[in-house]
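Fold and contact review
Okay, here's what each chain looks like letter by letter:
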Amino acid sequence: MSGSPLSRAAVAASALALQIAAGAATAAPLVTGSDSVKLLFAGGIDPTTGLLKGSPALAVQFPGGAPANFIMDTGSAGMVVYGAGFTPPSGVTPLVTNAVQAYKSDNLQFTGNVYPTDVLIGLPGNTVSATVPVLYATSQSCAQGSSCSLVSSLTFMGVGFGEPTTGNTNWFQLNTTQRNPLFNITAINGVSASPTKGWIMSRNGITVGLTPTNIQEFNPLGLESLSLNSTGFNRGTAAVVASTSGSILPPVPSTFTGTVLVDSGVRYAMMQLETGSTPPPTIACPNDASLTCTGAGTTISIFLGNPAAPLVYQVITGAGGAITASPNSAAAPDFVNQLVESTQPFWNRSFHFYNAYDYLFDSGSGQIGYANSSANAAVPGPLPHAALLGCLAWSRR
């Protein structure tokens, strides 16, 4: 029996809702404490708009050295330095030898030894002291094949989880909590402190240590529990509907329930469709013809967090690869890289996501959460298919 486009859209979306709702669970209480500090970003912010225009960076100072900006990545865990005059602490036995850190988005890998190092993180007035394992890389190479651009130096700090374990030999003997610089804090502004192993990421900084006050912006019903692997937490889930021609229902809609990589280290989104689904049309990506992008006229609806109360936003592709987002246009990635290299569907959001939304990670309870940004007012954008969201009875936060 045929029906109107809207009624057929409702049926398709309702089926997806039932599929992902099976994974919903009642959230445990977040682990909170009294120690907390917000570390403002030292780089990546557009001074005119106050929005992220690049990957966020935190100021980091090693013993005897000057502060340096470290790219802060929420899609990996661990501090890595290469070149730039960084040398391991003298007389200290390495925690791990011949460790490898691979970064898939740049197809680079760095090899070296890991040493415990005292670091000071943050801008004056809001700093934390920590003793963290640092991978002092002495060599770099392409992670796969021979197509990559080698760098003269690297200062990188992963504070998240969910990266692939493939290729990261030895380094992953330490789990994501052990490698995380923000989970090894000993002092805040020079005073002994023990913040919880949790943080809240926004567009202008990252708050370390969860408290009963700073978690109030997050809906408890929207918290999602994470599963564990041998090195730490697995990625959270995402439900995605990719539709063409301005309708939520193409001839065969591309829908999937997969994982989401909460990645502040890349400027573009990545979408791996489910095997057997009908892919949206593609084009060569703007400014990088080696990548394949989702073509014009595609609306990608993303549902994040617990299906009981997910955060919902959309990415819409236009002519020539132009991208908008709704309901907050500031969340639009540079482009959407449409992948066909894996059988596991996933969505990678890019750092632009943080211009519109805050993201909570609580290692103590193993949960993540999403909320509308507390750092800046929304930059309005249209929200197509609002009727669909209503028929699913899902609220937007």
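What you see is a predicted model; the values in this text were computed from it and never measured. (Residues numbered from 1 in each chain as written. Predicted model: local features only at pLDDT ≥ 70, side-chain atom pairs only at ≥ 80, totals over all residues. Heavy atoms only, no water.)

1. Remarks on the pairing of strand β24 (residues 323-326)
By the bridge criterion, four bridges tie strand β23 (residues 311-317) to β24 in an arrangement that is antiparallel. By the bridge assignment for β24, Gln314 is matched with Ser326. Connecting β23 to the next strand, β24, in antiparallel fashion are five residues, including Gly320 with a positive phi near 70°. (Pairing = 2+ DSSP bridges. Helix = DSSP H or I, 4+ residues; strand = E, 2+ residues; numbered from the N terminus.)

2. Concerning the side chain of Gln314
By the secondary structure assignment, Gln314 is in strand β23. For Gln314, a relative accessible area of 1% gives the class buried. Looking at Gln314, its side chain comes within polar contact range of the side chain of Ser301, at 2.8 Å. (Buried < 20%, exposed > 50% of the residue type's maximum accessible area, 1.4 Å probe, protein only. Polar contact = N/O pair within 3.5 Å; in protein donor to acceptor, adjacent residues only side chain to side chain.)

3. Brief notes about the pairing of strand β19 (residues 269-272)
The side chains of a regular strand alternate, residue by residue, between the two faces of the sheet. Side chains Ala269 and Met271 of β19 all project onto a buried face; the interleaved residues Met270 and Gln272 project onto the opposite face, where all are buried too. Both β19 and strand β25 (residues 336-339) contribute to a ladder of four bridges, which runs parallel. Paired with Ala269 across the bridge in β25 is Val336. Bridge count between β19 and strand β26 (residues 346-348): three bridges; the pairing is antiparallel. The residue bridging Gln272 from the neighbouring strand is Phe346, located in β26.

4. Considering the environment of Val100
Tracing the chain through its elements places Val100 in strand β6 (residues 96-103). The exposure class of Val100 is buried, given its relative accessible area of 8%. Separated by 70 residues in sequence, Val100 and Asn170 have C-alpha atoms that sit 6.8 Å apart.

5. Things to note about the nonpolar core
In terms of nonpolar packing, the biggest core is built from 63 residues, with Ile206, Tyr313 and Trp347 touching the most fellow members. The biggest single contributor to this core is strand β8 (residues 128-142), with five residues. Setting aside its immediate chain neighbours within four residues, Ile206 contacts Val37, Lys38, Leu39, Phe41, Leu58, Met72, Val159, Leu182, Trp199, Ile200 and Met201. Ranked by size, the runner-up nonpolar core spans 15 residues in total, among them Ala99, Tyr103, Leu135 and Leu154. (Core = buried A, V, L, I, M, F, W, Y, C linked by side-chain atoms within 4.5 Å. Contact = heavy atoms within 4.5 Å.)

6. Observations regarding the sheet that holds strand β13 (residues 205-208)
Within a beta sheet, neighbouring strands are joined by backbone hydrogen bonds and run either parallel or antiparallel to one another. Read from one edge of the open sheet, six strands run β1-β13-β12-β27-β28-β14, paired in antiparallel fashion. Since the sheet does not close on itself, it has two edges, and those belong to β1 (37-40) and β14 (224-225), each with one partner. One ladder, built from four bridges, connects β1 with β13; its direction is antiparallel. Residue pairing across strands places Val37 opposite Val208, the latter belonging to β13.

7. Description of the confidence of the model for the chain
Summing up the model confidence of the chain, the mean pLDDT is 84 and the portion of residues at 70 or higher is 84%. Note on residues 1-24: pLDDT under 50 across the span, and 28 contacts to partners over four residues away in sequence or across chains. Counting interchain partners and residues more than four positions distant, the pLDDT-below-50 stretch residues 376-397 has 60 contacts. (pLDDT = per-residue confidence, 0-100.)

8. Notes on the state of the cysteines
Counted by the stated rule, this structure contains two disulfides. The residue that forms a disulfide with Cys142 is Cys148, at a sulfur-sulfur distance of 1.9 Å. Taking the sign of the torsion about the S-S bond as the criterion, the disulfide between Cys142 and Cys148, at about -85°, is left-handed. In this model, Cys285 is linked to Cys293 through a disulfide, with the two sulfur atoms separated by 2.1 Å. Between Cys285 and Cys293 the disulfide shows an S-S torsion of about 105°. By sign, it is right-handed. Taking the relative accessible area as the measure of exposure, Cys285 reaches 4% and is therefore buried. Cys293 sits in the buried class, given a relative accessible area of 2%. Shown here for the chain is a disulfide pattern of 1-2, 3-4, where each number marks a bonded cysteine counted in sequence order. (Disulfide = S-S within 2.5 Å.)

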